[in-house]
Amino acid sequence: MSIKAGLVGLPNVGKSTLFNALTKSSIPAENYPFCTIDPHVAITNVPDTRLDKLQAIYTSKKQIPATVSFVDIAGLVKGAAAGEGLGNQFLSHIREVDLILHVLRCFDDSNITHTGDKIDPSSDYDTIVAELMLKDLESVEKRMQKIPTSLKAAKTPQEKKAIEQENQLLTEITEALNNTDENAVRSIIKKSTIATVPLLSSKNFIIIANVSEEEVEDNKCLQNPHYQALVARFGKERVIPISARLEHEITLAPEDEAQEIMELAGMHEPALNTIIRATYLNLGLITFFTCGPKETHAWPIPKGITVREAAGEIHSDLERGFICADVFNYNDLINVDSQAKLKELGKIRTEGQDYLIQDGDIILVKFNV
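Before going into details, it helps to say that this report is about the structure given with it. (Residues numbered from 1 in each chain as written. Predicted model: local features only at pLDDT ≥ 70, side-chain atom pairs only at ≥ 80, totals over all residues. Heavy atoms only, no water.)

Here we look at the layout of surface pockets
Taken as a whole, the largest pocket holds about 760 Å³ of empty space. Considering the residues around the largest pocket, the lining is formed by 31 residues, among which Asn45, Val46, Pro47, Asn273 and Ile276 are closest to the centre. Mapped onto the lining of the largest pocket, the elements with two or more residues apiece are helix H1 (15-23), strand S2 (40-45), helix H2 (50-58), helix H10 (244-252), helix H11 (255-264), helix H12 (271-282) and strand S8 (285-291). Broken down by element, the residue count for the lining of the largest pocket peaks at six residues, all from H12. A per-class count over the lining of the largest pocket returns 17 nonpolar, seven polar and seven charged. (1 Å grid on protein atoms, 1.4 Å probe; cavity = no way out; pocket = protein on both sides within 12 Å on 5 of 7 lines; lining within 4 Å. Points joined across faces, edges and corners; volume = space filled by probe spheres on them. Helix = DSSP H or I, 4+ residues; strand = E, 2+ residues; numbered from the N terminus. Nonpolar A, V, L, I, M, F, W, Y, C, P; charged D, E, K, R; others polar.)

Structure, rendered in structure tokens:
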């Protein structure tokens, strides 16, 4: 499946620098607004230590990790919903992503232009979300204008009832948008079983607190007042402190030098790994594996997928001709180091099409087309 996360923020907050680090790219990252105009897309691997162990057990020739696509979207300015800056283009690009990564500047640097009077990441976030909600309000109003015509064209009581329910949903959403209550919008959409226009402000999100290089050492960033304010507002689990500039330096350096940079900064691994894993988890994804002498392959899927649907991620023929699947979990395998021993212990199960895949499951699909 295709997974997309969009880096969003005001101009000159570090989006392009972070994108380059996440994807080991070299797109322009200059000190002026709208350096990024067209969105840049790149694919990066999801860190997963299980792959190395599985490859060793199966002596696979290669491993194929799960991936996430990151999109570097042009900087937003106030008035984007009305077409200011690159407004309409910017907002259309956000519509295409599954998760928003809000990149918020949490450091002072007189050499780097800032669009506001002072560094205020919480206010920057509000500016972005306000523009998303204004665009959503426009989309909702357009849809509501079509409701009377749809009601007249309804051919059955069931069809009419569905339209009336959508109208009620849109009315509730409109009230929340007019109150600039993003939490209410998300709650309404999450609880609703009625399909309606997609909303930008209801998308899941992560906050990237871009701090200075000096603040990364020994977790000094945890004392950054801007970071602390973001944690107080959004919760620690949703706010990831990083230095985009330092992360970019790490990705550009040879492996031994990169390790030295991280050690000097007191880092166990690049903070980018945390972002990638958080992106994966916030999209509600889990991983299952297929393993053999040719390759060990990690497959990302949403939670709650059946084994038959998971087989379709591998190849449509496997889903169409699905008979059953041999299933066991990574945690069981790693305790005995071989599939043969697992079979002796009776821990390899044969599951039918309705079995729900669990994170870390290893499957062998049996099918007939």
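Brief notes about the environment of Asp72
One can find Asp72 in strand S4 (residues 67-72). In the structure, Asp72 is positioned 66 residues away from Gly6 in sequence and 6.1 Å away in space, judged by C-alpha atoms. Within polar-contact distance, the side chain of Asp72 engages the side chain of Ser16 at 2.8 Å. (Polar contact = N/O pair within 3.5 Å; in protein donor to acceptor, adjacent residues only side chain to side chain.)

Some thoughts on empty space enclosed by the protein
Any empty space left between the atoms is revealed when a probe the size of a water molecule rolls over them. Throughout the structure, instances matching the rule amount to one cavity of 30 Å³ or more. Taken as a whole, the largest cavity encloses approximately 40 Å³ of empty space. Lining of the largest cavity is provided by Ile100, His102, Val129, Leu132, Arg186, Leu200, Ser201, Lys203 and Phe205. Every element with two or more residues in the lining of the largest cavity is listed here: strand S5 (99-105) and helix H4 (121-145). Taken together, the residues of the lining of the largest cavity break down into five nonpolar, two polar and two charged.

Here we look at the pairing of strand S1 (residues 4-8)
Two faces belong to every sheet, and in a regular strand the side chains alternate between them. Among the five residues in S1, four count as buried, and that is most of the element. Summarising the sheet, S1 and S4 pair through four bridges and their orientation is parallel. Residue pairing in the sheet places Leu7 in a bridge with Asp72 of S4. As defined by bridge partners, S1 adjoins S5 across four bridges and the pair is classed as parallel. Counterpart to Ala5 in the pairing with S5 is Leu99. (Buried < 20%, exposed > 50% of the residue type's maximum accessible area, 1.4 Å probe, protein only. Pairing = 2+ DSSP bridges.)

Overview of the packing of H1 against H10
Between H1 and H10, the shortest axis-to-axis distance is 8 Å and the interhelical angle comes to 30°. As far as their axial angle goes, H10 and H1 are roughly parallel. When you trace H1 past H10, the crossing you get is left-handed. Facing Thr17, Leu18, Asn20 and Ala21 of H1, the residues of H10 in contact are Ala244, Arg245, Glu247, His248 and Thr251. Here the residues of the contact of H1 with H10 are counted per class, giving three nonpolar, four polar and two charged. (Axes fitted to C-alpha atoms, helices over the stretch in contact; angles between N-to-C directions. Parallel < 35°, antiparallel > 145°, perpendicular 65-115°, else oblique. Left-handed = near helix turned anticlockwise from the far one by under 90°. Contact = heavy atoms within 4.5 Å.)

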